[in-house]
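# Results of the structural survey
Chain residues, written in single-letter form:
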Amino acid sequence: LTPAEADRLFATYLSDYRASWCAYPDARPTLAALGGFHLAVLSNGDRSQQTQKLRDCALDCYFSDIITSSEIGWAKPAPEAFLSACRRLGFPPGRCINVGDNMETDARASASAGMVGVWLDRAGSWTDPGPGIQVIHGLAEVPALFRHTG
């Protein structure tokens, strides 16, 4: 491909990718139910893209911070990524819950940092996550986890 052709293909890909951004139906009601809790995003992705996703999905109003690996110098699954996020938010890891859709990168990694690690397994594909990992199948299960962690 010529550089111009590659740029056109990438622009098409990026446009289609952005057009596909949407929140799961249980996202907004769950986040609304968590009013009063300090909510933040920890992502290995680009900050501007993560911010735009939340805005486009009308979820940005629920989060007080978006923390990215490029800002803190650590990427998930490194425990330091989670510990840095906790420090930045001013909470000890034991008082934090991390909900993510990847068993290793999100749930196990955050649990190894001392957080409550929660794997969002929408497909119901995991049978035994092992000790210290909570498994949920939808976001509507999250508020109960917050009540029990306090």
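Report on the accompanying structure. (Residues numbered from 1 in each chain as written. Predicted model: local features only at pLDDT ≥ 70, side-chain atom pairs only at ≥ 80, totals over all residues. Heavy atoms only, no water.)

By size, the foremost hydrophobic cluster in this structure holds 18 residues, and its most contacted members are Leu-59, Ile-136, Val-142 and Phe-146. Going through the elements one at a time, helix H2 (27-33), strand E4 (116-120) and helix H7 (142-149) are the ones with two or more residues in this core. What Phe-146 contacts, discounting residues up to four positions off in sequence, is Leu-34, Phe-37, Leu-39 and Ile-97. Counting 11 residues, the second largest nonpolar core, distinct from the first, contains Ile-67, Ala-81, Ala-85 and Cys-96. (Core = buried A, V, L, I, M, F, W, Y, C linked by side-chain atoms within 4.5 Å. Buried < 20%, exposed > 50% of the residue type's maximum accessible area, 1.4 Å probe, protein only. Helix = DSSP H or I, 4+ residues; strand = E, 2+ residues; numbered from the N terminus. Contact = heavy atoms within 4.5 Å.)

Mapped onto the elements of the fold, Ile-97 is located in strand E3 (residues 97-100). Remark: the alpha-carbon pair of Ile-97 and Pro-77, spanning 20 residues in sequence, is separated by 15 Å.

Side chains carrying opposite charge are able to pair once their charged atoms draw close together. This model, assessed by the stated rule, comprises six salt bridges. Between Glu-71 and Arg-88 there is a salt bridge; the shortest N-O distance is 3.6 Å. Highlighted residues: Glu-71 in helix H4 (residues 69-72) and Arg-88 in helix H5 (residues 79-89), separated in sequence by 17 residues. Judged by relative accessible area, which is 36%, Glu-71 ranks as partly exposed. The partner of Arg-108 in a salt bridge is Glu-104, with the nearest N and O atoms 2.9 Å apart. Separated by four residues within a single helix, Arg-108 and Glu-104 lie in helix H6 (residues 103-112), roughly one turn from each other. Judged by relative accessible area, Glu-104 falls into the partly exposed class, the value being 45%. Through salt bridges that share partners, Arg-47, Asp-65, Glu-71 and Arg-88 make up one connected network. (Salt bridge = Lys/Arg side-chain N within 4 Å of Asp/Glu carboxyl O.)

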